[in-house]
Amino acid sequence: ATFLQRMLSSSKVSYNFFLGGNLTDSEQRLLEQEQKTYNDLILVPNANDSDHSSATIKALGIADELYNDDHVKEHNFVLMTTSETYVDLGRVISELRKHGDEGPKYVGTSTGIKRPSRRRSDSFYIPQDEYRFETYPAHHDKNGFAISWGLMKSMADCLPGDPTCAYRGFASCHVHSACTFRPIRFPDVTLGGIVMGATSSKEGPLDIDCIRDEQECEDRLNNYLMRTMVKLDNFVHTFDQKEICQLATRNGNPDPEMLPLVAGIKSASSMRRLHVLALALEEKDTAMIKHICGLGDL
């Protein structure tokens, strides 16, 4: 947050950190203390950061929170990233400026068109009653993407009336009639489907398979790929502990440029360790940096 405040003080870029609402009393107290200092934290109700089944609910809940925030409406795009990434923000802004007046855009690193797995043993398994189509909509990598502000309402419309349905299975979820793509357990696929449906010339829920009219389906896909999806590779980076520690002590000295980097976070203790590392970098505390980097895998 300290780094972002300094970097963005003269820019038309604002930022927030979104947390799931399942906090303990001690976490709530820490959150309140940090909020008094930075005022950049937003809780997403019904999202559990330790439960992957609520990842989609959190993404849609963020859209709902932003869409109902008057301050955020001053912006043309929304960039969403996960906590374990470092974003080349300057490159993203430069790319978004190229497309500011071209209609709704969805910018990121494309994963291509994939098929759902029906094997129960697969970590990416999805049952037929949750997702009935045989292909997924084209979508960008979940680690980072940007979307036009106009698409935020489309995302918010797909937040289930009872977000806790995600814990019972997305097949049980009920969404607003304006939602063009029923949310599923994978947030990146869900967002791709919502954007594709929202930018389609055909009203109503998105039909991925388009069995009745294959030509219409192909035309809609091509329009989505050519006009809405913008490919921007390698603007989001992830770092493991070895990389972050090597960079942190470049030439034997603390490197302040490491402040925006965030390593792959796997636990609350790792998050605290990274906070200490950031402070050590800011204060050029070589001894503390070496201590943190010697504690084992993050």
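That block above? That's the structure.
The structure presented is a predicted model; accordingly, all values stated were derived computationally and were not measured.

*Asks:* I tried to follow the overall build of the protein chain on my own but got confused; where do I start?
*Replies:* For the protein chain, the count of helices and strands is 10 helices and eight strands. Looking at the protein chain as a whole, 41% of its 298 residues are labelled buried. Within the protein chain, counting contacts between residues at least 6 apart in sequence, those at least 24 apart form 67% of the total. As presented, the protein chain carries roughly 16,800 Å² of accessible surface, and 49% of it is formed by carbon and sulfur atoms.

*Asks:* I tried to follow helix H4 (residues 89–98) on my own but got confused; where do I start?
*Replies:* Within an α-helix, residues lying three or four positions from one another point in the same direction, as the helix has 3.6 residues per turn. Of all the positions in H4, only Leu89, Val92, Glu95 and Leu96 are classed as buried. What you see down the axis of H4 is that its buried residues fit within an arc of 125°, all on one side. Within H4, the exposed residues directed more than 90 degrees away from the buried face are Arg97 and Lys98.

*Asks:* Is there a simple way to explain unusual backbone geometry in this structure?
*Replies:* Most peptide bonds are trans, and most residues other than glycine sit at a negative phi. With phi around 50°, asparagine 39 is a residue other than glycine that occupies positive phi space. Inspection of the secondary structure assignment puts asparagine 39 in the loop between helix H2 (25–38) and strand E2 (41–44).

*Asks:* Where do I start with the nonpolar core in this structure?
*Replies:* Side chains of nonpolar character tend, in soluble globular proteins, to be buried together. The biggest cluster of nonpolar side chains holds 42 residues, and the ones touching the most others in it are Tyr106, Tyr131, Ile147, Met152 and Met155. Among the elements of the structure, E2, helix H3 (55–67), strand E3 (77–81), strand E6 (140–148), helix H5 (152–157) and helix H6 (187–198) are those that each provide at least two residues to this core. The contacts of tyrosine 131, once residues within four sequence positions are left out, are Pro116, Arg118, Ile126, Tyr136, Pro137, Phe181, Ile184 and Ile208.

Criteria and cut-off values
Residues numbered from 1 in each chain as written. Predicted model: local features only at pLDDT ≥ 70, side-chain atom pairs only at ≥ 80, totals over all residues. Heavy atoms only, no water. Helix = DSSP H or I, 4+ residues; strand = E, 2+ residues; numbered from the N terminus. Buried < 20%, exposed > 50% of the residue type's maximum accessible area, 1.4 Å probe, protein only. Contact = heavy atoms within 4.5 Å. Areas by Shrake-Rupley, 256 points an atom, 1.4 Å probe, with all protein chains shown as cover. Arc of directions from axis to C-beta. Core = buried A, V, L, I, M, F, W, Y, C linked by side-chain atoms within 4.5 Å.

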